[in-house]
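The primary structure of each chain is shown beneath.
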Amino acid sequence: MGGAGTGRRTTRRAGPGRAVDQAVDRTWMARALRLARAAGARGEVPVGALVVAEGRLLGSGANAPLGRVDPTAHAEIVALRRAAKGARNYRLTGATLYVTLEPCLMCLGAMVHARIGRLVYGAGDPKVGAVALLRRRRLAGLNHRIEAAGGVRADESAALLREFFRSRRRGGKGPGVQSPPRRGTEVVVTGPPRKRVGA
């Protein structure tokens, strides 16, 4: 294996008989980061995702819950839907999903149903990231396994998210978009005040 500065690409093992080219992972993640930046410019939480099979892009997506008025429109779901539509098959067996932020439980479930073979993500999400679930014995009954690798361009992904939320705290909301709740934060639902009993 070649390391940094050797002029050769670095590879690592990725399951039985497979080697993964880290330069290829970094290249696809750079494309996902461009999608994330575009989402941030629209006022969405900046997350981008790609579905790739055999070196070919099948589908791409960026966070869009606000623009689509759809709580399921995470970057991963958008990319999976586009990939499935293009393939005319909801099974994307063996494909790789690249995403700039560790997926939540909903997105991970969609990947299992789509039979994604490999997940590559950038920054970890300690609050709602669900990748740790893949390693739990309780999920041994699942009929599909996803290989996961994190930390690809993680610093760039994390910096993009930090800057987005820093801008929100300073009052920057983007063009005509309400400030969204941060992925993984508690959302408090408010309504009319309750009447006290006996009042």
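Everything numeric here is computed off the predicted structure, so don't read it as measured data. (Residues numbered from 1 in each chain as written. Predicted model: local features only at pLDDT ≥ 70, side-chain atom pairs only at ≥ 80, totals over all residues. Heavy atoms only, no water.)

1. Re the pattern of salt bridges
Cut-off, in case you're wondering: The working definition used for a salt bridge is a side-chain nitrogen of Lys or Arg within 4 Å of a carboxyl oxygen of Asp or Glu. In this text, helices come from DSSP runs of H or I with a minimum length of four residues, and strands from runs of E with a minimum of two, each type numbered from the N-terminal end. Burial classification: accessible surface area is computed with a 1.4 Å probe over protein chains only, and a residue below 20% of its type maximum counts as buried, one above 50% as exposed, and the rest as partly exposed.
Throughout the structure, instances matching the rule amount to 6 salt bridges. For Glu 147, the salt bridge is made with Arg 118, and the minimal N-O distance between the two is 3.6 Å. In this pair, Glu 147 is assigned in strand E7 (residues 147–149) and Arg 118 in strand E6 (residues 118–123), connecting sequence segments 29 residues apart. On the basis of relative accessibility, which here comes to 3%, the residue Arg 118 falls in the buried class. A salt bridge links Glu 156 to Arg 153, with the nearest nitrogen and oxygen atoms 2.8 Å apart. Salt bridges sharing common partners tie together Asp 25, Arg 118 and Glu 147.

2. As for the packing of helix H3 (residues 75–87) against helix H4 (residues 105–114)
Which entries qualify depends on this criterion: Convention adopted: a line fitted to C-alpha atoms gives each axis, helices being fitted over their contacting stretch, and angles between N-to-C directions are expressed from 0 to 180 degrees. Working rule for angles: under 35 degrees goes down as roughly parallel, over 145 as roughly antiparallel, 65 to 115 as roughly perpendicular, anything else as oblique. Handedness of a helix crossing follows the sense of rotation of the near helix relative to the far helix, less than a right angle counterclockwise being left-handed and clockwise being right-handed. The contact criterion used is simple: two residues touch if any of their non-hydrogen atoms lie within 4.5 Å. Polarity classes work like this: nonpolar for Ala, Val, Leu, Ile, Met, Phe, Trp, Tyr, Cys and Pro, charged for Asp, Glu, Lys and Arg, and polar for all others, with Gly in that last group.
For the pair H3 and H4, interaxial distance at closest approach is 9 Å and the crossing angle is 20°. Of the possible angle classes, the one that applies to H3 and H4 is roughly parallel. For H3 against H4, the interelement crossing comes out left-handed. Across the interface between the two elements, Glu 76, Ile 77 and Leu 80 of H3 pack against Met 106, Cys 107, Ala 110, Met 111 and Ala 114 of H4. Tallied by class, the residues present in the contact of H3 with H4 amount to 7 nonpolar, no polar and 1 charged.

3. Focus on the side chain of Arg 153
Here Arg 153 shows up in the loop between E7 and helix H5 (154–169). Excluding anything up to four places from it in sequence, Arg 153 contacts Arg 26, Met 29, Ala 30 and Leu 33.

4. Considering the environment of Leu 57
By the element assignment, Leu 57 lies in strand E4 (residues 56–62). With 39 residues separating them in the primary sequence, Leu 57 and Thr 96 have C-alpha atoms 9.7 Å apart. When sequence neighbours within four positions are dropped, the list of residues in contact with Leu 57 reads Trp 28, Arg 31, Leu 50, Val 51 and Val 52.

5. So, the pairing of E6
Heads up, the rule is: The pairing criterion is simple: DSSP has to find at least two bridges between the two strands. Handedness of a crossover: with both strands directed away from the viewer, a clockwise path from the first strand across the helix to the second marks it as right-handed.
With respect to burial, E6 is a largely interior element, 6 of its 6 residues being buried. Alignment of strand E5 (residues 96–101) against E6, held across 5 bridges, turns out to be parallel. Note on E6: the bridge partner recorded for Leu 101 is Ala 123. A crossover connection joins E5 to the parallel E6 through H4; in handedness this β-α-β unit is right-handed. Summarising the sheet, E6 and E7 pair through 3 bridges and their orientation is parallel. In the sheet register, Val 120 faces E7, and the bridge partner there is Ala 149.

6. With respect to helix H1 (residues 22–41)
Here is the rule we go by: Any helix carries an expected span of 1.5 Å times its number of residues minus one. We call two N or O atoms a polar contact when they sit within 3.5 Å, provided that within protein one can donate a hydrogen and the other can accept it, with sequence-adjacent residues counted only if both atoms are side-chain atoms.
Between the first and last C-alpha of H1 there are 29 Å, a value that for 20 residues agrees with the 28 Å anticipated at 1.5 Å per step. By the burial criterion, the buried members of H1 are Asp 25, Trp 28, Met 29, Ala 30, Ala 32, Leu 33, Ala 36 and Ala 39. Put simply, Asp 21 is the residue that caps the front of H1, since its side-chain oxygen is 2.9 Å from the backbone nitrogen of Ala 23. Positioned one or two residues after H1, Gly 43 has a phi angle of 90°, which is positive.

7. A look at unusual backbone geometry
Positive phi, close to 65°, is recorded for Arg 115, a residue that is not glycine. With respect to the helices and strands, Arg 115 occurs in the loop between H4 and E6. Overall, the relative accessible area of 15% leaves Arg 115 in the buried class.

8. Side note on the environment of Val 112
Relative to the elements of secondary structure, Val 112 occurs in helix H4. What makes Val 112 buried here is its relative accessible area of 11%. Along the chain, Val 112 and Arg 91 lie 21 residues apart, while their C-alpha atoms are 9.5 Å from each other. What Val 112 contacts, discounting residues up to four positions off in sequence, is His 144 and Ile 146.

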